[in-house]
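One-letter residues, chain by chain:
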Amino acid sequence: MATFLYKLGRLAFRRRHFVALIWVALLTLAGVGAASAPPAGTTSFSIPGTEAQKAFDLLEERFPGTSADGATARVVFKAPSGETMTDAGNKATVEKTVSDLADGSEVASVADPYTGNAVSKDGTIAYASVRYDVSGMELADSTKDALEDAAQQARDAGLTVEVGGDALQAVPHTGATEVIGIAVAAVVLVITFGSLVAAGLPLLTALIGVGIGVSSITALASALELGSTTSILAMMIGLAVGIDYALFIVSRYRAELAEGREREEAAGRAAGTAGSAVVFAGLTVVIALVGLAVVNIPMLTKMGVAAAGTVAIAVLIALTMVPALLGYAGRRVKPAGAKSKQSKLLGRDRKDADRPEGPRRTERQPKANLGTRWASFVVRRPLAVLLLGVIGLGAAAIPATSLELGLPDDGSQPTSTTQRRAYDLLSEGFGPGFNGPLMVVVDAKGSDAPKEVFTDVSNEIKGLDDVVAVTPPAPNKGGDTATITVIPDSKPSSVQTEDLVHAIRDAGGAVKADTGAETLVTGATAMNIDVSQKLNDALVPYLVLVVGLAFLLLIVVFRSILVPLKAALGFLLSVMAALGAVVAVFQWGWLSGLMGVEETGPVMSMMPIFMVGVVFGLAMDYEVFLVTRMREAYVHGEKPHQAVVTGFRHGARVVTAAAVIMMAVFAGFIGSSESMVKMIGFGLAIAVFFDAFVVRMAIVPAVLALLGRKAWWLPKWLDRALPNVDVEGEGLRTAEERGSGPDEDRELART
């Protein structure tokens, strides 16, 4: 591995014009594809294997032409103070609005409030239901404009009018904080490298990689039904890993220059050593993201694969374009510590001080930096540091014990949106459960008396707790299937509504035993409940798959059993602590104002499994980058404790910078208008903080110090069976000691 990447790095350095041309051409091709691609159409949200999806499919089969997946809108009217919606003037305004809405070319139906029993008991609030032939993403702009114009005309007549539903859903935006995150990353890079040129390389390559990835997603969005959230998450993860991977290559390049190597040789060795760590770190992220497919939710699978593709591009760019740009930069990228050396080189001019003089070694001990001092403290007090870190993360994880899962609805929208105000008006006039009606589908095709079955099911539901209203059964033309709408007493995301869904399904089981008719519950609320359950059921298999594969991969990288085990356990600590922080902010409301969270509620049901996938991959990044340096020092003859200190001396500063950059990039997405993106941005940012600064910087060196040589133990039979990937670049050092370059060393080439 190290030899191949060494050759690749030198080749990219020498043929930098060709390499740069290839990546620019790919970026141009992806950009042209995105610009010429048709706009993304509907993003079908199917959940195979769930009862809600089964009922949805049955509706499409038994009720053809009803546009079950079409967009909906609820135009909610509120009378002025002291008036009612049944007053002649207000009634005339509503009827005119309904008439205007019905004229739309994409409108399937409009329900009049006065004929559909859609006026509140006190008469102050009414609503008109609008159903369209196409989904919300496919609605023409003229149709949306007509909906907004009709609402505005009713407002001009003196009514309060708000529009709920998905007909006016907007493409989520990330806000200015994303730019702030990139700016913070730039500042950190300048401080780390002390050079604008060296700092600009990781930013430039990361932006090119993200540009290719996001443009490719945009170009394929229509064909693959990729939602706007997919590209945002790919951008989030691609920016973070792209900057970090380039950062590690550039940092190692500067370290090799400080050893006195020529620039082409330094680029090759940076790619062979740090590049090997980049490859394996990237593999763990890709495994974690692609592994989301085991959940069997198509939307989540597409998000994971798209983000994994962006990570793969970031790895390839770090291994090829970064060495090429280092060739362009030349002497503008200085060796590590060049400034301090120059001040001591009396009698030499600045140009001579920067000129490589061939490999050299110095017996002088390097000055202890902050990483060295911290690691020395940890190896002296490993037990105290370990206990403090574990107890601290355990305390942060406590809120996770009260985790409640759900999917966002209009009730989680900002109060400035018309969807949220329509939600609140409906809750005021008809009760909170009115925003999450349940649709019960009764399949009596195999029954001798379908009408009696429909009535029996309706009566059973009326006798359940938390039920406000049950509509009469509405059979299809064939008379073998009927729909029943149930209005709960509780809001859609409440535990009581979830219990009601299960109660209806239990009652349907009894009916099926007696009559053979099947009762299914669907609708947005039931679908959300089924999604949460499916994600919960998939979490353990997903953990076993992803952690298991990564564990095997890390055994190959570190040639140890205990180091990968420690890495996995540390990850579990950090992800539980991060989930606790998410619950505290988004569910309990701690610091919610600072985070722009206007409405607390259940944590998004996809959050735990998505966080597990992404955080595990990112956690292994730091594990590989930091511990590889320790492994390298240990393999080269240092004692275990000293190897820990050496690893921190070379890697702590860079890992710290990488973590701060990742936190800044992820935190930049907290300003998104999409609640899911906001929550994921915060969750990933706090998870990186816990994992990088508590687990990898404190718990990891403490555990390695306690284990000593046992940390690097591997059974001899397993050592012989595992392939030698040479992440530490030992083969490169061996070739140098023999006096031959890796290109000429045949034995090394076979490794």
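Preceding this section is the structure that the text describes.
Residue numbering note: each chain is counted from 1, following its sequence as written. At least 70 in pLDDT is required for a residue's local features to be given in this predicted model, at least 80 for side-chain atom pairs to be given and counted, and no such filter applies to totals for whole chains, interfaces and linings, which use all residues. Derived side-chain values reflect all non-hydrogen atoms in the structure, with water molecules and hydrogen atoms excluded from consideration.

Here we take up the overall build of the chain. Here a strand is any run of E in DSSP of at least two residues, a helix any run of H or I of at least four, and the numbering for each starts at the N terminus. Counting its secondary structure elements, the chain contains 26 helices and 11 strands. Three exposure classes are used, based on accessible area relative to the maximum for each residue type with a 1.4 Å probe and protein chains only: buried under 20%, partly exposed in between, and exposed over 50%. The buried share of the chain, taken over its 751 residues, is 53%. Put simply, of all contacts in the chain between residues at least 6 apart along the chain, 79% involve residues at least 24 apart. To be clear on the numbers: accessible area is Shrake-Rupley with a 1.4 Å probe, and residue cover counts the displayed protein chains and nothing else. Taken as a whole, the chain presents about 31,700 Å² of accessible surface, with 59% of it coming from carbon and sulfur. The criterion used for residue contact is that any of the two residues' heavy atoms lie within 4.5 Å.

Among the structural elements, Arg 559 can be located in the loop between helix 18 (524-558) and helix 19 (562-587). Given the relative accessible area of 12%, Arg 559 is considered buried. For this analysis, a polar contact is any N or O atom pair within 3.5 Å, provided that within protein one partner can donate a hydrogen and the other can accept it, and provided that sequence-adjacent residues contribute only side-chain to side-chain pairs. Reaching out from Arg 559, the side chain makes a polar contact with the backbone oxygen of Pro 723 at a distance of 3.0 Å. Contact partners of Arg 559, with chain neighbours within four places excluded, come to Leu 554, Arg 631, Trp 712, Trp 713, Leu 714, Asp 719, Leu 722, Pro 723 and Asn 724.

What follows concerns the pattern of salt bridges. Oppositely charged side chains can form a pair if their charged atoms are brought close together. Take a side-chain nitrogen of Lys or Arg and a carboxyl oxygen of Asp or Glu: if they are within 4 Å of each other, that pair is a salt bridge. Inspection of the entire model under this criterion finds 19 salt bridges. For Lys 96, the salt bridge identified is with Asp 100, shortest N-O distance 3.1 Å. Here the residue Lys 96 and the residue Asp 100 both occupy positions in helix 4 (residues 88-102), the gap between them amounting to 4 residues, near one helical turn. For Lys 96, a relative accessible area of 48% corresponds to the partly exposed category. In this structure, the salt-bridge partner of Glu 623 is Arg 696, at a minimum N-O distance of 2.6 Å. Within this pair, whereas Glu 623 is found in helix 21 (residues 607-635), its partner Arg 696 is found in helix 23 (residues 675-707), the two being separated by 73 residues in sequence. The exposure classification of Glu 623 matches that of Arg 696, with both residues buried. The structure contains a network of salt bridges with shared partners spanning Arg 10, Arg 14, Glu 264, Glu 265 and Arg 269.

A few words on the sheet that holds strand 2 (residues 107-111). To summarise the sheet geometry, strands pair through backbone hydrogen bonds and adopt either a parallel or an antiparallel arrangement. In short, DSSP must find at least two bridges between two strands for them to pair. Reading across from one edge, 2-3-1-4 is the order of the 4 strands in this open sheet, with antiparallel pairing throughout. Across the chains shown, the open sheet's two edge strands, defined by having one partner strand only, are strand 2 and strand 4 (160-165). The average angle at which neighbouring strand axes cross in this sheet is 20°, direction not considered. Here strand 2 pairs with strand 3 (residues 125-132) via 4 bridges, running antiparallel. Bridged to Ala 111 within strand 3 is Ser 129. Fitted lines through C-alpha atoms serve as axes, helices being fitted only where they are in contact, and the angles separating the N-to-C directions of these axes extend from 0 to 180 degrees.

Attention now moves to the packing of helix 21 against helix 23. As a packed pair, helix 21 and helix 23 sit with axes 9 Å apart at the nearest point and diverge in direction by 35°. The handedness of the crossing between helix 21 and helix 23 is right-handed. When the residues that make up the contact of helix 21 with helix 23 are grouped by side-chain class, the tally is 20 nonpolar, 1 polar and 3 charged. When the near helix sits turned anticlockwise from the far one by under a right angle, the crossing is termed left-handed; a clockwise turn instead gives a right-handed crossing. Residue polarity is assigned by list, with Asp, Glu, Lys and Arg as charged and Ala, Val, Leu, Ile, Met, Phe, Trp, Tyr, Cys and Pro as nonpolar; anything else, Gly included, falls into the polar class.

Time to look at the packing of helix 14 (residues 382-397) against helix 23. Where helix 14 meets helix 23, the closest approach of the two axes is 8 Å, and the angle between their N-to-C directions is 145°. Crossing angle aside, the handedness with which helix 14 passes helix 23 is left-handed. Contact with helix 14, carried on its side by Pro 382, Leu 383, Val 385, Leu 386, Gly 389, Val 390, Leu 393 and Ala 396, involves Phe 690, Val 694, Val 695, Ala 698, Ile 699, Ala 702, Val 703, Ala 705 and Leu 706 of helix 23 and no other residues of that element. For the contact of helix 14 with helix 23, the residue count by class is 16 nonpolar, 1 polar and no charged.

A separate point is unusual backbone geometry. The phi dihedral of Asp 466 falls on the positive side, at around 70°, and the residue is not glycine. Note that Asp 466 resides in the loop between helix 16 (450-462) and strand 7 (467-470).

Before going further, it helps to examine the packing of aromatic side chains. We call Phe, Tyr and Trp rings a pair once their centres come within 6.5 Å, taking the six-membered ring for Trp, and we label the pair stacked below 30 degrees between planes, edge-to-face above 60, and tilted otherwise. Within the structure shown, the criterion is met by 9 aromatic pairs. With a centroid separation of 5.1 Å and 65° between ring planes, the pair formed by Tyr 127 and Phe 434 is classed as edge-to-face. Of this pair, Tyr 127 sits in strand 3 while Phe 434 sits in the loop between helix 15 (418-430) and strand 6 (438-443), placing them 307 residues apart in sequence. The pair formed by Tyr 127 and Phe 434 is uniform in burial state, with each residue classed as buried. Geometrically, the ring pair formed by Tyr 634 and Trp 712 is stacked, given 5.7 Å between the ring centres and 20° between the ring planes.

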